[in-house]
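Listed below are the residues making up each chain.
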Amino acid sequence: MKNVMKKKDWILILIVLCVAACAYFSHQLLKDTGMGNVIVKVDGEITGTYSLNEDQEIMIHEGANILEIKNGRANMRKADCPDQLCVHQRAISANNENIICLPNKVIIEIKSKSDSQIDMVTN
């Protein structure tokens, strides 16, 4: 007995793929990107607030960390910490995302200008 996929099997696979693609693209469209501010905290104190709409490079801890804001995304470009976890983390742009550099006690957080009804978004 052969295990051959029937026409209905292909239709079901196509429907599942279409639903998955629609969910992915709607998530990307509805994600709160490029509309907020980057808040920089050092040792628990806010040291600066910067717009995601303006490309710039920010020196933190007298150059120990360098934060790059480009194309509506914030990325830790350089850090003098040994593990470099903050440098290897992906760029952030959505509300409540953050980059943390524990050795230097630096927290980079995105705060949206608009209040979102979504509690959490996972990537």
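Participant: I'm lost on the environment of Glu97 in this one. Help?
Facilitator: Tracing the backbone shows Glu97 in the loop between helix 2 (85-88) and strand 6 (98-101). For Glu97 and Ile108, which are 11 residues apart along the polypeptide, the C-alpha to C-alpha distance reads 8.4 Å. One polar contact links the side chain of Glu97 to the main-chain amide nitrogen of Ser93, over a distance of 2.9 Å.

Participant: Can you walk me through the sheet that holds strand 4 (residues 65-70) in this structure?
Facilitator: Strand pairing in a sheet takes place through backbone hydrogen bonds and is either antiparallel or parallel in direction. One open sheet accounts for three strands, arranged 3-4-5; its pairing is antiparallel. Each edge of the sheet is formed by a strand with only one pairing partner; in this case those strands are strand 3 (56-60) and strand 5 (73-79). Ignoring which end each strand starts from, the neighbouring axes of this sheet average 25° apart. In terms of strand pairing, strand 3 meets strand 4 through five bridges, oriented antiparallel. Note on strand 4: the bridge partner recorded for Ile58 is Leu67.

Cut-offs used in this document
- Residues numbered from 1 in each chain as written.
- Predicted model: local features only at pLDDT ≥ 70, side-chain atom pairs only at ≥ 80, totals over all residues.
- Heavy atoms only, no water.
- Helix = DSSP H or I, 4+ residues; strand = E, 2+ residues; numbered from the N terminus.
- Polar contact = N/O pair within 3.5 Å; in protein donor to acceptor, adjacent residues only side chain to side chain.
- Pairing = 2+ DSSP bridges.
- Axes fitted to C-alpha atoms, helices over the stretch in contact; angles between N-to-C directions.

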